[in-house]
Amino acid sequence: MKYIYGTAGFRADASLLYAAIIGSTAAAALRSMELEGKTVGVIITASHNPVSDNGVKIIDADGGMLSMAWEEKCTNLANVSSKSELDILIKEYLVPSTCQASVVIGMDTRPSSPRLSELSKVILDELSASYKDYGFVTTPQLHWIVRLINQNSTYSIPSNPPPLVLYYDSLCNAYINIFSSFTVHHRPTLTVDCANGVGSLPLKELSKRLRDCIDLRLTNNDHLASKYLNKDCGADYVKTTQSPPVNLLDKMVPNQLYASIDGDADRIIFYFVDKNKKFHLLDGDRISILLVSFLKILVQKSRLPLSIGVIQTAYANGSSTAYLKKLGIPIICTSTGVKHLHHAAKNFDIGVYFEANGHGTVLFSQGCLHKLHNPSTEQSNTETAAIDALLQLSQLINQAIGDALSDMLAVLSVLGSLLWDATGWLSMYDDLPNKLVKVKVADRSVFVTTDAERRLVKPVGLQEKIDNLVASYEDSRSFVRASGTEDAVRVYAEAKTPKSAAELSAKVCGLLQ
Ligand code: G16
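Residues numbered from 1 in each chain as written. Predicted model: local features only at pLDDT ≥ 70, side-chain atom pairs only at ≥ 80, totals over all residues. Heavy atoms only, no water.

For clarity, the threshold we go by: UniProt positions are given in the numbering used here, feature names are shortened, and annotations may be inferred rather than shown by experiment.
Going by what an unreviewed UniProt entry lists, the protein is known as Phosphoacetylglucosamine mutase and is assigned to Schizosaccharomyces cryophilus. Taken verbatim from the UniProt record of the protein, the Catalytic activity (unreviewed entry) comment is "N-acetyl-alpha-D-glucosamine 1-phosphate = N-acetyl-D-glucosamine 6-phosphate". Annotation of the protein in UniProt includes, under Subcellular location (unreviewed entry), the sentence "Nucleus".

Quick word on the overall build of the protein
Quick reminder of the rule: Every helix listed is a DSSP run of H or I at least four residues long, and every strand listed is a run of E at least two residues long, numbered separately from the N terminus. A radius of gyration in this sense is built from C-alpha atoms; the matching globule rule multiplies 2.2 Å by the number of residues raised to 0.38. Buried means the residue's accessible area, taken with a 1.4 Å probe over protein chains only, is under 20% of the maximum for its type, while exposed means over 50%, and partly exposed covers the values in between. Contacts between residues were defined by any pair of non-hydrogen atoms, one from each residue, lying within 4.5 Å. Using a 1.4 Å probe, the Shrake-Rupley method yields the accessible areas, and only the shown protein chains count as cover for residues. We score Asp and Glu as negative and Lys and Arg as positive, and we do not count His or the chain ends. Taken as the charge centre is NZ of Lys, CZ of Arg, CG of Asp or CD of Glu, depending on the residue.
A count of helical and extended segments in the protein gives 17 helices and 19 strands. For the protein, the C-alpha radius of gyration of 23 Å lies close to 24 Å, the compact-globule estimate for 513 residues. Along the longest, intermediate and shortest principal axes, the C-alpha atoms of the protein span 65 × 60 × 45 Å. The proportion of buried residues among the 513 residues of the protein is 59%. The long-range share in the protein, meaning contacts at least 24 apart out of those at least 6 apart in sequence, stands at 69%. Accessible surface computed for the protein: about 20,600 Å², of which carbon and sulfur atoms make up 53%. Of the side chains in the protein, 50 bear a positive and 52 a negative charge, and the two mean positions are spaced by 3 Å.

What to know about the UniProt feature "domain: Alpha-D-phosphohexomutase C-terminal" (unreviewed entry) in the protein
Taken from the UniProt record, the annotation "domain: Alpha-D-phosphohexomutase C-terminal" (unreviewed entry) applies to residues 436-509. The span residues 436-509 shows a helical share of 30% and a strand share of 31%, and its end C-alpha atoms are spaced 10 Å apart.

Section: the sheet that holds strand β6 (residues 189-193)
The test is simple: Strands qualify as paired when DSSP identifies two bridges or more between them. The axes used here are C-alpha line fits, helices contributing only the stretch in contact, and every angle between their N-to-C directions lies in the interval 0 to 180 degrees.
Ordered in space as β7-β6-β8-β9-β10, the five strands form an open sheet in which the pairing is mixed. Two strands lie at the open edges of the sheet, namely β7 (215-219) and β10 (279-282), each paired on one side alone. Strand-to-strand twist across the sheet, computed as the mean angle between neighbouring axes with direction ignored, equals 25°. Bridge count for β6 against β7 is five bridges, and the pairing is parallel. In the sheet register, Leu190 faces β7, and the bridge partner there is Leu216.

Details of the sheet that holds strand β11 (residues 308-313)
Strand order in the open sheet made by the four strands is β12-β11-β13-β14, with mixed pairing throughout. Looking at which strands have only one partner, the edges of the open sheet turn out to be β12 (331-334) and β14 (360-364). Averaged over all pairs of adjacent strands, the angle between their axes in this sheet comes to 20°, without regard to strand direction. Across four bridges, the pairing between β11 and β12 is parallel. Looking at the pairing, Ile311 lines up with Ile332 of β12. The sheet contacts of helix α11 (residues 338-345) involve β11, β12, β13 (350-354) and β14, and relative to β13 the element is tilted by about 160°.

Things to note about the site of the ligand
Rules: The nearness test applies per residue and asks whether one of its heavy atoms lies within 4 Å of the molecule or strand. Polar contact is the term for a pair of N or O atoms within 3.5 Å; when the atoms are in protein, one must be able to donate a hydrogen and the other to accept it, and sequence-neighboring residues count only if both atoms are side-chain atoms. The definitions used throughout rest on a 1 Å grid laid over the protein atoms alone, on which a cavity is an enclosed set of points accommodating a 1.4 Å probe that cannot get out and a pocket is an open set flanked by protein within 12 Å on both sides along at least five of seven lines; lining residues are those having an atom within 4 Å of a point. Should more than half of a molecule's atoms lie within 2 Å of a pocket's or cavity's grid points, that molecule is taken to sit in it. Amino acids are sorted into nonpolar (Ala, Val, Leu, Ile, Met, Phe, Trp, Tyr, Cys and Pro), charged (Asp, Glu, Lys and Arg) and polar (every other residue, Gly among them).
Neighbouring the ligand are 19 residues; His48, Glu355, Ser483, Thr485 and Arg490 lie closest to it. Asp266 is positioned with one of its side-chain polar atoms (N or O) 3.2 Å from an oxygen atom of the ligand. Between the ligand and the protein, one listed contact pairs an oxygen atom with a side-chain N or O atom of Glu355 at 2.6 Å. Here the ligand is seated within the largest cavity. Looking at the shell around the ligand residue by residue, the class counts come to two nonpolar, 10 polar and seven charged.

Structural notes on helix α14 (residues 404-418)
Convention followed: Each helix should span, by expectation, one fewer than its residue count multiplied by 1.5 Å.
For α14, which comprises 15 residues, the first-to-last C-alpha distance of 21 Å matches the rise-based estimate of 21 Å (1.5 Å per residue) to within 8%. Along α14, 13 of the 15 residues are buried, which leaves the element largely enclosed by surrounding structure. Backbone nitrogen of Leu405 and a side-chain oxygen of the N-cap are separated by 2.9 Å at the start of α14; the cap is Asp403. Two residues or fewer after α14 comes Leu419, characterised by a positive phi angle close to 55°.

Points about the pattern of salt bridges
How we decide: Only one rule defines a salt bridge in this text: a Lys or Arg side-chain nitrogen within 4 Å of an Asp or Glu carboxyl oxygen.
Across all of its chains, the model carries 26 salt bridges by this definition. In this structure, the salt-bridge partner of Glu205 is Lys208, at a minimum N-O distance of 3.8 Å. With a gap of three residues between them, Glu205 and Lys208 both fall in helix α7 (residues 200-209), about one helical turn apart. Between Glu383 and Arg303 there is a salt bridge, with its nearest N and O atoms 3.1 Å apart. Here Glu383, found in helix α13 (residues 381-396), pairs with Arg303, found in the loop between α9 (284-302) and β11; they are 80 residues apart in sequence, far enough to count as distant. By relative accessible area, which is 66% here, Arg303 ends up exposed.

Examining the packing of helix α12 (residues 366-373) against α13
Geometry of a packed helix pair, given as the angle between the helix axes and the separation of the axes. This is how the line gets drawn: Small angles under 35 degrees read as roughly parallel and large ones over 145 as roughly antiparallel, with 65 to 115 read as roughly perpendicular and the rest as oblique. Left-handed describes a crossing whose near helix is turned anticlockwise from the far helix through less than a right angle; right-handed describes the clockwise counterpart.
Direction vectors running N to C along α12 and α13 enclose 140°, while the axes themselves pass 10 Å from each other. Taken together, the axis directions place α12 and α13 in an arrangement best described as oblique. Classified by chirality, the crossing of α13 by α12 is left-handed. Judged by residue contacts, Leu369, Leu372 and His373 of α12 engage Ile387, Leu390, Leu391 and Ser394 from α13. The residue inventory of the contact of α12 with α13, partitioned by class, reads five nonpolar, two polar and no charged.

Here you go:
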């Protein structure tokens, strides 16, 4: 098997992952040594994939995704065919360094995860690295921990690792402060579908700690029932089927807000049913627009010169892009994968990035935080309140990576501040009907894209056929790209009516057979 470091590291059937774990762990240790002993993370998870799959991803020292230059080295380390080849590559990549490697590891609740995590530790021992195993953690929790360790010299691995409790303290303190600033202290009810994944553990903790501020109810929250992981539930299922997850079908209370996270809790989407039982999705585009609209108001009130921008991908609904243009907010479109969006978000003082699938966050630049902490002139009460709110949001929202839990609290903060419910949020704009389909093909690597994945350059001639189909439907758009996490090709289509979106989708899928 040839491993390729995809959208989010290596993913495959768990039984095929051993060499990928060995190579990735070696890469993490070497990267740490290159950075003079800064801590790097190894997270074992396959997120939204079926339970039989697993995966591994490296978290770079800033808490973000692995630098692209190292993706190639990691791929090479995973694809060696013998121990001697591995040793040669390790020597080649080893920078002269007296520092010991420092690595933190964590895993999701798949049955294969403990075995893969043990293998990772064997490699770390072989390489005489210092490490700390955080056990069951969400992917964003480990990103958050890596960022904290490298920012705060009081922490070190293995002697003084930061406890996970700091993550909960940071989120909960910020949320409680925001909640206490609300003009009306309404305690919202939110039911969260946990995809039976690792996210149920921190959500149980948040529901205890925040019980005075939120009535948090959990469903599909058995992290030990691994055969049900992501099975007819979770953010990916709800987004693609545009319907409620198992255990909520026919049980949803009209106009009450619901959310689904994915198998490693780095994505979240919201939804509700109206009084006619019609299902409405509030996906990553909606989260992005809710947050950026609120942030824009706060920035205006603060009277600080702060730039705000939004990063989307080709999957963003055309109506969401049109809405942002009307608001006059700069938009950048990147390829799929938070690594691309995160990078682009750094172009702004406040960069809001979300994929339509619910993966994203809001980045506050160092310059922005400096301005917020040191406003130059004497502030009015309105300005002070706006600056305080921006600072609280920068604490609440995970600055390392998209995080379902911090995004959930950010959404509730904005809805609570605006005194909005799900219907108010939905009324911001109307989505164009759309369809996202997965198609199995013989070899997905033949699908090569350009223009932030909106157009195909290979197979030659296919894009022209898609263009011809798109031309026959009003307000329509469609694109095809190979998934970087699953052995499939994704087909997205949107159009003016649900019927035309479905027809266009079926016709484009037909071109792939
Ligand atoms: C990962 C990435 C996301 C990406 C998703 C699907 O999410 O982190 O940025 O949107 O895969 O990617 P693809 O369409 O290439 O399969 P997760 O939640 O699975 O880690």
